[in-house]
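# Coordinates in review
Residues per chain, in single letters:
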Amino acid sequence: MPRTVSDGGEDFDGDVSSQTGSHRHTDSNSTHHHHGYKVGFPPARGLFAEFADGVKETFFADDPLREYKDQSRSKKLWLSLVHLFPVLDWARSYKFSMFKGDFIAGLTIASLCIPQDIGYAKLAFLPAHVGLYSSFVPPLVYAMMGSSRDIAIGPVAVVSLLLGTLLQEEIDPVKSPYEYSRLAFTATFFAGITQAMLGFFRLGFIIEFLSHAAIIGFMAGAAVTIALQQLKGFLGIKKFTKKSDIISVMESVWGNVHHGWNYQTILIGASFLAFLLTTKYIAKKNKKLFWVSAIAPLISVVISTFCVYITRADKQGVAIVKDIKQGINPPSFHLIYWSGPYLAKGFRIGVVAGMVALTEAIAIGRTFAAMKDYQIDGNKEMVALGTMNIVGSMTSCYVATGSFSRSAVNYMAGCKTAVSNVVMAIVVMLTLLLITPLFKYTPNAILASIIINAVVSLVDYETAYLIWKVDKMDFVALLGAFFGVVFASVEYGLLIAVAISLGKILLQVTRPRTALLGNLPRTTIYRNVEQYPEAAKVPGVMIVRVDSAIYFTNSNYVKERILRWLRDEEDQQQEQKLSKTEFLIVELSPVTDIDTSGIHALEELLKALEKRKIQLILANPGPAVIQKLRSAKFTELIGDDKIFLSVGDAVKKFAPKSALNV
């Protein structure tokens, strides 16, 4: 029989049957319910079946083997290949008309990614060409294995900052650049291994522990930190702090104000930042002009490089990029630390960077998939991102992931498939082969402006305000992550974000909500008296609803809370000289599960009620709950005639006078 369980857990059809049956004679000898329905017991299941079911729901909730049923062996092999390489599926229906959109999108994101990559590599304290390498190999691997059509792959600001911070704690990038880049490739390898393993073992739910609010706060904090780090290039400061927290950076900036700032650099940086922000504003106001802001960074690079070359401003102290190595990615498999003390350090840094990169990529993939109304498989994405970083670590790349700014531009430019990533990768390859020498005179100030302009959009104050309005606890997580990143470091911000998110879960698990129910006039519906002030309490009967599973973490609290409701009720009865409570009905429909501690708490509640001469009645227990109560012999202890299909039925049986008044 279909049941619609609503807020109060009343069974809708139970209500209807109660209403139709309300004029019938209630036979007190029948075990219960006038209309013949008793609480049903689900069929008993073996331990193995229950365990298998639990595992399936945890790891295979999306039923990945569904399409393999009843297929021939060759078809199964083909499906497995398609599962690993989605390109085999969509490439068959790829048309030339789609290529036009992909080609334009690819060129647009390439023009945006080239200047960004050079800047992001600086953020990770790696040579500029490594940034470009990371936009050549990983996007090609992703195009074959990824399931998102819109995500644009490459280095991103947040991960670059995180890597830079963690790596330079171990090795000084200035004194030993060779060892530093070796550690960076090692970290990238382990970041890829982490991502691929999470996907392979279907542990994608682990990254769900970072709540949406915590991610918003973390991103905003990282944006502020990144922007502050760019003040070095923006102001032309030579001696700058290695730390990323706001206090150290500000001390560094103001300490250099009289003799450390370079005014030509500031002029270049400020004028082009104004230009970039203006183009961003134009693109925001008119969505059709998105290409203006996408191509602005490249224009800025070209113009500023030209100006510096003509005026030879580098002689007046304007810091320039200098030489970017020409040619495409050399292999770096032999550079990864396979043993020694740096292996463990690379592993630790890789796991952290891999998780952050994954969180960002999955969030971006889901956002754009929702816009275009298609599904992406989180576990498949993780395997794709992981493989791409493993291959990247062996071809001189550092951690790449989905970039929000580039994915947005990719989406706006009308990309149809992952081919836009391939186009971008080819443009980056041609850049590496042919035009890297032209970047020699590019001022660092421009890269700083481009990065500041890119990270401004990571500060999502509208969502932050919405979170503040909806859920104050979520907002605390957001602030914790934000201030952690800004005042301490990226890792602390992450730790705080995870800790607050976990704290919130624990709070909800250990302190579930309970509600007092009352009867809505002229119905057999019982609802929360706080939500429905017109709901009347039934004389002599107290009805409590528990709004969560009852486990060892909260069983004691649930019992104490119910007894507290009773005490408050008794005080009220004495004051107003009302009839004493004789029955306590516990509405169990929201209780999805119960464990031995929960049953023990119910037994203690029963004893406490017997002392007060109050009868305990249970209403609408779910299949898992009634099964366990029966196994623990609690149903025998309380008596089968004290377990009802709905609160309405229980009231009708034990307080017939009140039931007739409705």
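Going by the annotation in an unreviewed UniProt entry, the name recorded for the protein chain is STAS domain-containing protein, with Triticum aestivum given as the source organism. Word for word, the UniProt comment on the protein chain under Subcellular location (unreviewed entry) is "Membrane".

Moving on, we get to the overall build of the protein chain. When helices and strands are tallied, the protein chain shows 28 helices and eight strands. Projected onto its principal axes, the C-alpha positions of the protein chain cover 100 × 70 × 55 Å. Residues classed as buried in the protein chain amount to 52% of the 662 residues present. A separation threshold of at least 6 residues defines the contact pool for the protein chain, and within that pool the share at least 24 residues apart is 80%. With an accessible surface of roughly 31500 Å², the protein chain has 64% of that area assigned to carbon and sulfur atoms. Here the protein chain holds 66 positive side-chain charges and 55 negative ones, and the gap between their average locations is 7 Å.

Residues Ile 328, Ile 426, Leu 430, Leu 433, Leu 434, Ile 435 and Leu 438 make up a contiguous nonpolar surface patch of roughly 620 Å² in combined accessible area. Mapped onto the secondary structure, Leu 433 falls in helix H18 (residues 419–435).

It is worth spelling out the domain arrangement of the protein chain at this point. Many analyses report the size of an interface as the accessible area lost when the parts associate. The assigned domain composition of the protein chain is domain 1 (95–500) and domain 2 (510–652). Placing the centre of domain 1 and that of domain 2 at their C-alpha centroids yields a distance of 55 Å.

Along the chain, the position of Gln 116 falls in helix H5 (residues 96–123). On the basis of relative accessibility, which here comes to 2%, the residue Gln 116 falls in the buried class. Ignoring sequence-local partners within four residues, the contact set of Gln 116 consists of Ser 405, Arg 406, Ile 450 and Ala 454.

This part takes up the packing of aromatic side chains. What describes a pair of aromatic rings is the distance from one ring centre to the other and the angle between the planes of the rings. Under the criterion given, the structure shown has 19 aromatic pairs. Geometrically, the ring pair formed by Phe 333 and Trp 338 is tilted, given 5.2 Å between the ring centres and 45° between the ring planes. Residue Trp 338 is classed as partly exposed on the basis of its relative accessible area, which comes to 40%. When the ring of Phe 483 is compared with that of Phe 487, the centres are 6.0 Å apart and the planes differ by 35°; the resulting orientation is tilted. One end of the pair, Phe 483, and the other, Phe 487, are both in helix H21 (residues 472–488), four residues apart, so they sit about a helical turn from each other. Take Phe 483: its relative accessible area is 40%, and that puts it in the partly exposed class. By the ring-pair criterion, three or more aromatic residues cluster together here, those being Phe 189, Phe 190, Phe 333, Trp 338 and Phe 347. Across from the ring centre of Trp 565, 4.1 Å away, lies the NZ or CZ of Arg 561, which sits over that ring.

Inspection of the secondary structure assignment puts Leu 447 in helix H19 (residues 444–456). For the pair Leu 447 and Leu 183, spaced 264 residues apart in the sequence, the C-alpha separation amounts to 25 Å.

In this structure, the largest pocket encloses a volume near 1700 Å³. As for the largest pocket, its lining consists of 50 residues, and the residues nearest its centre are Phe 404, Ser 405, Ala 408, Ser 457 and Leu 458. At nine residues, the largest contribution of residues to the lining of the largest pocket is made by helix H15 (residues 341–372). Its residues assigned to classes, the lining of the largest pocket comprises 32 nonpolar, ten polar and eight charged. Volume-wise, the second largest pocket comes out at about 1100 Å³. Residue lining of the second largest pocket: 36 residues in total, with Lys 122, Phe 125, Val 174, Lys 232 and Asn 444 positioned closest to the centre. For the lining of the second largest pocket, the secondary-structure elements that each account for two or more residues are H5, helix H6 (128–133), helix H9 (177–200), helix H11 (231–235) and H19. Here the element with the most residues in the lining of the second largest pocket is H19; it accounts for four residues. Here the residues of the lining of the second largest pocket sort into 19 nonpolar, ten polar and seven charged.

Definitions and cut-offs
- Residues numbered from 1 in each chain as written.
- Predicted model: local features only at pLDDT ≥ 70, side-chain atom pairs only at ≥ 80, totals over all residues.
- Heavy atoms only, no water.
- UniProt positions renumbered as here; feature names shortened; annotations may be inferred.
- Helix = DSSP H or I, 4+ residues; strand = E, 2+ residues; numbered from the N terminus.
- Buried < 20%, exposed > 50% of the residue type's maximum accessible area, 1.4 Å probe, protein only.
- Contact = heavy atoms within 4.5 Å.
- Areas by Shrake-Rupley, 256 points an atom, 1.4 Å probe, with all protein chains shown as cover.
- Lys, Arg positive; Asp, Glu negative; His and termini not counted.
- Charge placed at Lys NZ, Arg CZ, Asp CG, Glu CD.
- Patch = residues over 30% accessible without salt bridge, like charges linked within 9 Å, V, L, I, M, F, W, Y side chains within 5 Å.
- Salt bridge = Lys/Arg side-chain N within 4 Å of Asp/Glu carboxyl O.
- Domains from an automatic or database assignment.
- Phe/Tyr/Trp six-rings, centres within 6.5 Å; stacked < 30°, edge-to-face > 60°.
- Lys NZ or Arg CZ within 6 Å of the ring centre and 35° of its normal.
- 1 Å grid on protein atoms, 1.4 Å probe; cavity = no way out; pocket = protein on both sides within 12 Å on 5 of 7 lines; lining within 4 Å.
- Points joined across faces, edges and corners; volume = space filled by probe spheres on them.
- Nonpolar A, V, L, I, M, F, W, Y, C, P; charged D, E, K, R; others polar.

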